[in-house]
Amino acid sequence: MKRNILITMGILILVGFAVQGIFGAVAGIFVASIIGVVYGAMKRDKLLVKWSSITLVITILCVILFYVGLINSDM
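Calculation criteria
Residues numbered from 1 in each chain as written. Predicted model: local features only at pLDDT ≥ 70, side-chain atom pairs only at ≥ 80, totals over all residues. Heavy atoms only, no water. pLDDT = per-residue confidence, 0-100. Helix = DSSP H or I, 4+ residues; strand = E, 2+ residues; numbered from the N terminus. UniProt positions renumbered as here; feature names shortened; annotations may be inferred. Expected span 1.5 Å × (residues − 1). Buried < 20%, exposed > 50% of the residue type's maximum accessible area, 1.4 Å probe, protein only. Contact = heavy atoms within 4.5 Å. Core = buried A, V, L, I, M, F, W, Y, C linked by side-chain atoms within 4.5 Å. Axes fitted to C-alpha atoms, helices over the stretch in contact; angles between N-to-C directions. Parallel < 35°, antiparallel > 145°, perpendicular 65-115°, else oblique. Left-handed = near helix turned anticlockwise from the far one by under 90°. Nonpolar A, V, L, I, M, F, W, Y, C, P; charged D, E, K, R; others polar.

Notes on the confidence of the model for the protein
- With 97% of its residues at a pLDDT of at least 70, the protein reaches an overall mean of 86.
- By mean pLDDT, the top-scoring element of the protein is helix α3 (residues 46–72) (89), and the lowest-scoring one is helix α1 (residues 2–20) (82).

As for the UniProt feature "transmembrane region" (unreviewed entry) in the protein
- With numbering aligned to this structure, UniProt lists the feature "transmembrane region" (unreviewed entry) at residues 12–39 and 51–70.
- In residues 12–39, the share of helix is 96% and the share of strand is 0%. The end C-alpha atoms are 15 Å apart.
- A distance of 29 Å separates the end C-alpha atoms of residues 51–70, which is 100% helix and 0% strand.

Considering α3
- Between its terminal C-alpha atoms α3 stretches 39 Å, which fits the 39 Å expected from 27 residues at 1.5 Å a residue.
- Three or more residues of α3 are buried, namely Leu48, Ser52, Leu56 and Thr59.
- Structurally, α3 contributes buried residues whose contacts are with α1 and α2 (22–43).

Let's talk about the nonpolar core
- Among the nonpolar cores identified, the biggest contains five residues, and these are Ile5, Met9, Ala32, Tyr39 and Leu48.
- Of all the elements in the fold, those that place two or more residues in this core are α1 and α2.
- Contacts of Tyr39, omitting those with residues within four sequence positions, involve Met1, Lys2, Ile5 and Leu48.

Remarks on the packing of α2 against α3
- Where α2 contacts α3, the two axes come as close as 8 Å, and the packing angle between them is 150°. Between α2 and α3, the angle falls in the class roughly antiparallel. As for how α2 packs across α3, the hand of that crossing is left-handed. On the side of α2, the interface is formed by Phe23, Val26, Ile29, Phe30, Ser33, Ile34, Gly36, Val37, Tyr39, Gly40 and Ala41, while α3 contributes Leu48, Val49, Ser52, Ser53, Thr55, Leu56, Thr59, Ile60, Val63 and Phe66.
- Looking at the contact of α2 with α3 residue by residue, the class counts come to 14 nonpolar, seven polar and no charged.

Below is the structure:
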């Protein structure tokens, strides 16, 4: 079952990238990390929860930095 979840997470990232480019990949990683945290918590898989949480935090930080960069740009 864990392999099916990981395959689903990969498909989400690839579909997001195919549809929206790099922003879709970020959205796919965000959704996949949330799925990983939820699934890991349900199955009590500490390793999956740990890495999914790290990915979720990094994705949120990247999105925040992106928007701060847009706000501070001289466009």
